[in-house]
Amino acid sequence: DGLALEISRANVTVGDAPEHQHMTRRPWSKLNPNGWEVADGVFDTTNHEAEVWMYRGAQDRGATMLYFWNGPPYWMTVSGCSSGSVDGTSNNLPEGQEPRFARHIVDVLALLRETYGLRADLVCPINEPECDWWKAGDGGGQEGCHTSAEQAVVIFRELRRELDRRGLKTTGIVGPEAAYGNGSGYGKDILKHPEACAALVAVSVHQYITSPWGYWGWRDVARDAGLPLWQSEWGNWRLPGDADPVRRQHHAMSYGRQIHDALTRYNAAAWCMWEPGNLFDFAEGGFSPRPAFYVT
């Protein structure tokens, strides 16, 4: 009923160093959530019940399952922190570690499949990689990793090779989950490489920071690469409350406007909402849709 659930863009927890306690933006109310590969070659399936519950619920409802990583686990990083590099503008995955990161991703996907029966239709290894706000330490409220366009090309290539080597040829790669919808230069720098175009099945960008020329730029980048464009993340952070009638109207119309712009300017083949809590009121035993739900 309703909007149904076509795509589940599911975050995969990588966790952080045991002594770190600063993941204030992570779900499940944990300042240091448990990763799946807690050390090199050491896997831990405990304390992932909520995560797996969400994955399984989406899969059982027929959703296309897209698993994405915000970055590599802490023990694979330059800074020793999975929230980002020290300055936020340098790569936190060391050069030469791209094949190891690809193996980590496929190892976790294999673990999810073998332990819980979860399939991976799509995967993305990076998230908002071109921005400067993924920083190590207390400033980092969640996992994140700055990744240059040059390194992103290598990651996509190595992940495609690892998926093929491990018999996951049908799992497609989506990327780069760019943060800046008003500037397509990062996408151009990636997709000028034929190996990146060959590795990807869709180009993905977020819709928080946009402009008309940005929409058209990303549309053209995807078109020139011969790939569909996905708007893979947007949510209204400013107008969550529906108690006031005026705020309720603005909240509802903002969703309709974003979907319209994505379809007509991005020429987007998919539109993904972030944070269901922006559209639903949650209570123990269930949830109820806000008026904005019906506008979307």
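Please read these numbers as outputs of a predicted model, since none were measured by experiment.

Caption draft 1: Expanded view of the side chain of Ser 8. Tracing the backbone shows Ser 8 in strand E1 (residues 7-11). Look at Ser 8 and you get buried, because its relative accessible area is 14%. Not counting residues within four places of it along the chain, the set of residues in contact with Ser 8 comprises Ala 58, Ala 63, Thr 64, Met 65 and Leu 66.

Caption draft 2: Here's a closer look at helix H1 (residues 49-60). Between its first and last C-alpha, H1 extends 16 Å over 12 residues, near the 16 Å set by a 1.5 Å rise per residue. Among the residues of H1, Glu 51, Val 52, Tyr 55, Gly 57, Ala 58 and Gln 59 are the ones counted as buried. Where H1 is buried, its residues touch E1, strand E4 (64-68) and helix H2 (98-116).

Caption draft 3: Molecular detail of the packing of aromatic side chains. On inspection of all chains with the given rule, the structure shows eight aromatic pairs. The interplanar angle of 75° and the centroid separation of 6.0 Å between the aromatic rings of Trp 36 and Tyr 116 together place this pair among those described as edge-to-face. One end of the pair, Trp 36, is in the loop between E1 and strand E2 (37-39); the other, Tyr 116, is in helix H2, and 80 residues separate them in sequence. In this structure an aromatic cluster arises from ring pairing among Trp 133, Trp 134 and Tyr 180.

Caption draft 4: The arrangement of the side chain of Asn 34 in detail. Relative to the elements of secondary structure, Asn 34 occurs in the loop between E1 and E2. Exposure remark for Asn 34: the relative accessible area of 19% places this residue in the buried category. Reaching out from Asn 34, the side chain makes a polar contact with the side chain of Asp 44 at a distance of 3.5 Å. Side-chain polar atoms of Asn 34 contact the backbone oxygen of Thr 46, separated by 2.9 Å. In this structure, Asn 34 is in contact with Thr 13, Gly 15, Asp 44, Thr 46, Asn 47 and His 48, ignoring residues within four places of it in sequence.

Caption draft 5: Layout of the pattern of salt bridges. On inspection of all chains with the given rule, the structure shows 16 salt bridges. When the shortest N-O distance is used, the salt bridge between Glu 177 and Arg 9 registers 3.2 Å. Highlighted residues: Glu 177 in strand E6 (residues 172-180) and Arg 9 in strand E1, separated in sequence by 168 residues. On the basis of relative accessibility, which here comes to 0%, the residue Glu 177 falls in the buried class. Here Arg 9 falls in the buried class, since its relative accessible area comes to 11%. For the salt bridge of Asp 40 with Arg 100, the shortest nitrogen-to-oxygen distance reads 2.7 Å. Taken together, the residues Asp 40 in the loop between E2 and strand E3 (42-43) and Arg 100 in helix H2 connect sequence positions 60 residues apart.

Caption draft 6: Expanded view of the sheet that holds E1. Strand order in the open sheet made by the seven strands is E1-E4-E5-E6-E7-E8-E9, with parallel pairing throughout. Each edge of the open sheet carries a strand with a single partner, namely E1 and strand E9 (270-273). This sheet shows a mean twist of 25° between the axes of neighbouring strands, independent of strand direction.

Thresholds applied
Residues numbered from 1 in each chain as written. Predicted model: local features only at pLDDT ≥ 70, side-chain atom pairs only at ≥ 80, totals over all residues. Heavy atoms only, no water. Helix = DSSP H or I, 4+ residues; strand = E, 2+ residues; numbered from the N terminus. Buried < 20%, exposed > 50% of the residue type's maximum accessible area, 1.4 Å probe, protein only. Contact = heavy atoms within 4.5 Å. Expected span 1.5 Å × (residues − 1). Phe/Tyr/Trp six-rings, centres within 6.5 Å; stacked < 30°, edge-to-face > 60°. Polar contact = N/O pair within 3.5 Å; in protein donor to acceptor, adjacent residues only side chain to side chain. Salt bridge = Lys/Arg side-chain N within 4 Å of Asp/Glu carboxyl O. Pairing = 2+ DSSP bridges. Axes fitted to C-alpha atoms, helices over the stretch in contact; angles between N-to-C directions.

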